[in-house]
Amino acid sequence: MLVSVFHFGPGEARADDAPPPAAPPVPAQPLPAPQAAPPPGYYAGPGAPAAGPKVLPWREGEPVPPGYHPEARVRKGLVISGAIVFGTVYLFTAIGGADAVYRGSSGYAALFVPCAGPFLTLATTRQDDLETMALVLDGLVQITGAALLLPGLLVPKTVLVRNDVGKPFVLPTPMSFGPSSAGLGLVGRF
């Protein structure tokens, strides 16, 4: 058995008693100033690169920041959702009405009338309860789609558009599709 005993008394030095060497002083350097983002609508002047968002929300009576102009736009969310809801339901209704008319049921020709067609069909034909419910639901969904679509097209919203954002355009351009062919193409910016 091996036993080691060390004794350090007062006045005796140990290797780990010494303080670590001091690091050389680092010269103080000023911190760089934080770069703040320009506020919305910031306009640096002519020739300067454009800054800020391309489109800002805006209400009538609010000031127009420099570098922007008001522009009326359709409400895309209402137009897209209304067109999808109304268009898909009306398409299937018209196809069903065309099939019924083709098979000799002339009372279903009213299904070609948007929104009111299912209700007119209820008045001109005889149905069971399930068909009545389907026609009522069909008419209500068509009305819902039209109620979304029409305000989206007829009630535009006004937004602020950055001046450097050009308006979309499309130009017809002659194009060649091979060594002995001629054609017409469209070139534009959206």
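Note that this is a predicted model, so its numbers are computed, not measured.

(A) Region of interest: the pattern of salt bridges. Applying the stated criterion across every chain yields a total of 2 salt bridges. A salt bridge links E71 to R73, with the nearest nitrogen and oxygen atoms 3.1 Å apart. The class for R73 is partly exposed, based on a relative accessible area of 31%. Between D99 and R103 there is a salt bridge, with the nearest N and O atoms lying 3.2 Å from each other. You can call R103 exposed: its relative accessible area is 66%.

(B) Spotlight on the packing of aromatic side chains. Under the criterion given, the structure shown has 1 aromatic pair. Ring centres of F86 and Y90 lie 5.6 Å apart, and the angle between their planes is 5 degrees; this geometry places the pair in the stacked category. Of this pair, F86 and Y90 are both found in helix α1 (residues 76-102), 4 residues apart, which corresponds to roughly one turn of the helix. Taking relative accessible area as the criterion, Y90 reaches 21% and is therefore assigned partly exposed.

(C) View of the sheet that holds strand β3 (residues 157-162). Pairing is antiparallel across the open sheet formed by 3 strands, whose spatial order is β1-β3-β2. Strands with a single pairing partner mark the edges of an open sheet, and in this sheet they are β1 (55-57) and β2 (68-73). On average, adjacent strands in this sheet sit at an angle of 40 degrees to one another, irrespective of strand direction. Pairing between β2 and β3: 6 bridges, direction antiparallel. By the bridge assignment, H69 is partnered in β3 with V161.

(D) Structural detail: the confidence of the model for the protein chain. On average, residues of the protein chain score 81 in pLDDT, and 77% of them reach the 70 mark or higher. Here strand β5 (residues 183-189) is the element of the protein chain with the lowest mean pLDDT, 80, and helix α3 (residues 129-154) is the one with the highest, 95.

Conventions and cut-offs
Residues numbered from 1 in each chain as written. Predicted model: local features only at pLDDT ≥ 70, side-chain atom pairs only at ≥ 80, totals over all residues. Heavy atoms only, no water. Salt bridge = Lys/Arg side-chain N within 4 Å of Asp/Glu carboxyl O. Buried < 20%, exposed > 50% of the residue type's maximum accessible area, 1.4 Å probe, protein only. Phe/Tyr/Trp six-rings, centres within 6.5 Å; stacked < 30°, edge-to-face > 60°. Helix = DSSP H or I, 4+ residues; strand = E, 2+ residues; numbered from the N terminus. Pairing = 2+ DSSP bridges. Axes fitted to C-alpha atoms, helices over the stretch in contact; angles between N-to-C directions. pLDDT = per-residue confidence, 0-100.

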